[in-house]
Amino acid sequence: MIKDINIFNGVEESHHIVGMDMINDDNYYDDRSYITNSMLGKLKESPATLKEYLEGGGFLSSSALSIGDAVHKGILEPEKFETMVKVWDKSEWPEPDKTLRTKANKDWMYNFKEQNKGMCILEDKEFLQVKGMIESILSKPKSKELLSNAEYEQISLAIINGIPVKSKGDIVKTDGEWIIDIKTSSDIRLDAFKESCEKYGYYRQAGMYTKMFKAKRFGFLVVEKKAPYRVAFYEVSQDKLNEGWEETCQLIEQFKYFFREDPLHTRIDESIMEGVL
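Worth saying up front: this structure is predicted, and the values here are computed from it rather than measured.

Visitor: I'm lost on helix H9 (residues 202–213) in this one. Help?
Guide: The first and last C-alpha atoms of H9 sit 16 Å apart over 12 residues, in line with the 16 Å expected at 1.5 Å per residue. With 11 of 12 residues buried, H9 lies mostly within the body of the structure. Within H9, burial applies to Tyr 202, Tyr 203, Arg 204, Gln 205, Ala 206, Gly 207, Met 208, Tyr 209, Thr 210, Met 212 and Phe 213. Once H9 ends, the next one or two residues include Lys 214, with phi positive near 55°.

This is the structure:
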């Protein structure tokens, strides 16, 4: 459900954003009319990368994405977990003693994915991994505290510097104090996860979401992807929230320059990457 509508940076407040009635849980990830944090990450990589994505390409499903999605569903939408996760194992392949490089096995996997579009597709060993991660999180008193008195999977829409933006908060505490995001990681030690925050734009996400949901604090509930599936909770400092928000605004200005001011994308098509080695 839509949590709120917020307007930033002097834009006149409105009770309706064009297209807002069309954004919901079912189409949130398919819609590309609103900018998201992940889109800003693609823009930071290069304007051409975001252009490719917006034109319908540039998205590759991966095991890591499926595992993360399944963990989210198991914790935040347990009623959907069993129906939205589809498991396969090698014994089902036409040639189970061979790899996915053979045509028969490739064709089987392609058809399996086509028949289960929109679902979290996991190998049997990945499914056991996900179950272990979910059970580990839910067994911790701290996790139970963070998950209580909260609304899950909340959508917030905003106009930021004239650009429509959307975000989806995993755990939004009803008192407005916290917004919490669930992450999976190969290494949840503090220093290692700090590196992940820098690499994957988590600080930008934290700053953007805190503003959009008008929360006071932001934290990551993190579970490790290998046994014993350690769990951590890290609050994002105010300095990093400010840095993340500043980066959000800078990237939105880049989006305006490359996409809104140049709808034919001439600037993108003519640009090259430059530097000194």
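Visitor: Would you take a moment to explain the packing of aromatic side chains for this structure?
Guide: Pairs of aromatic rings are described using the distance from one ring centre to the other and the angle between the two planes. Evaluation of the coordinates by the stated rule reveals 13 aromatic pairs. Aromatic pair Tyr 200 and Tyr 202: ring centres 5.8 Å apart, planes at 35°, arrangement tilted. Owing to a relative accessible area of 46%, Tyr 200 belongs among the partly exposed residues under this scheme. What makes Tyr 202 buried here is its relative accessible area of 13%. By the ring-pair criterion, three or more aromatic residues cluster together here, those being Phe 193, Tyr 200, Tyr 202, Phe 218, Phe 220 and Tyr 234. Of note, Lys 166 hangs over the ring of Tyr 28, and the distance from its end group to the ring centre comes to 4.5 Å. One residue, Arg 267, lies across the ring of Tyr 257, its end atom 3.9 Å from the ring centre.

Visitor: I tried to follow the pairing of strand S5 (residues 163–173) on my own but got confused; where do I start?
Guide: Note on strand geometry: in a regular strand, side chains alternate between the two faces of the sheet. When you tally the buried positions in S5, you get 11 out of 11 residues, the bulk of the element. In this sheet, S5 lies alongside strand S4 (residues 150–160) in antiparallel orientation, the contact comprising 10 bridges. Across the sheet, Glu 151 pairs through a bridge with Val 172, a residue of S5. Counting the residues between successive antiparallel strands, the hairpin from S4 to S5 contains 2 residues, one of them, Asn 161, with a positive phi of roughly 50°. Both S5 and strand S6 (residues 178–185) contribute to a ladder of 2 bridges, which runs antiparallel. Among the inter-strand pairings, Val 172 is bridged to a residue of S6, identified as Ile 179. The hairpin formed by S5 and S6 contains 4 residues between the paired strands, and Gly 176 there has a positive phi angle of roughly 80°.

Visitor: I keep staring at helix H2 (residues 47–54) and nothing clicks. Help me out?
Guide: Quick reminder: α-helices carry 3.6 residues per turn. Residues three or four places apart thus point the same way. Burial in H2 covers these residues: Pro 47, Leu 50, Lys 51 and Tyr 53. Along the long axis of H2, the arc covered by the buried residues comes to 160°, so they all point the same way. Where the residues of H2 are buried, they touch helix H1 (37–45), helix H10 (238–260) and helix H11 (266–270). The positive-phi residue at the C-terminal boundary of H2 is Gly 56, with phi of around 105°.

Visitor: Even after reading the chapter, I still don't get the packing of H9 against H10, so can you show me in this structure?
Guide: Helix-helix packing is described using two parameters, namely the angle between the two axes and the distance between the axes. Contact pair H9 / H10: the axes reach a minimum separation of 7 Å and the direction vectors enclose 90°. The angle between H9 and H10 places the two elements in the roughly perpendicular class. Seen from H9, the contacting residues are Tyr 203, Arg 204, Ala 206, Gly 207, Met 208, Thr 210 and Lys 211; seen from H10, they are Lys 240, Leu 241, Gly 244, Trp 245, Glu 247, Thr 248 and Leu 251. Grouping the amino acids of the contact of H9 with H10 by side-chain chemistry returns 6 nonpolar, 4 polar and 4 charged.

Visitor: Got a minute to help me understand the side chain of Ser 185 in this structure?
Guide: Residue position: Ser 185 is located in strand S6. For Ser 185, a relative accessible area of 6% translates into the label buried. Ser 185 has contacts with Phe 193, Ser 196, Val 222, Val 223, Glu 224 and Lys 225, leaving out every residue within four places of it along the chain.

Visitor: In this structure, what is going on with the pattern of salt bridges? I would like to understand it.
Guide: Pairing of side chains with opposite charge becomes possible as their charged atoms draw close. One pass over the structure, following the stated rule, counts 22 salt bridges. Ionic pairing is found between Glu 247 and Lys 44, a salt bridge with its closest N-O pair at 3.3 Å. In this pair, Glu 247 is assigned in helix H10 and Lys 44 in helix H1, connecting sequence segments 203 residues apart. Shared partners join several salt bridges into a network, and the residues in it are Glu 177, Lys 216, Arg 217 and Glu 235.

Here is what the cut-offs are and how they apply
- Residues numbered from 1 in each chain as written.
- Predicted model: local features only at pLDDT ≥ 70, side-chain atom pairs only at ≥ 80, totals over all residues.
- Heavy atoms only, no water.
- Helix = DSSP H or I, 4+ residues; strand = E, 2+ residues; numbered from the N terminus.
- Expected span 1.5 Å × (residues − 1).
- Buried < 20%, exposed > 50% of the residue type's maximum accessible area, 1.4 Å probe, protein only.
- Phe/Tyr/Trp six-rings, centres within 6.5 Å; stacked < 30°, edge-to-face > 60°.
- Lys NZ or Arg CZ within 6 Å of the ring centre and 35° of its normal.
- Pairing = 2+ DSSP bridges.
- Arc of directions from axis to C-beta.
- Contact = heavy atoms within 4.5 Å.
- Axes fitted to C-alpha atoms, helices over the stretch in contact; angles between N-to-C directions.
- Parallel < 35°, antiparallel > 145°, perpendicular 65-115°, else oblique.
- Nonpolar A, V, L, I, M, F, W, Y, C, P; charged D, E, K, R; others polar.
- Salt bridge = Lys/Arg side-chain N within 4 Å of Asp/Glu carboxyl O.

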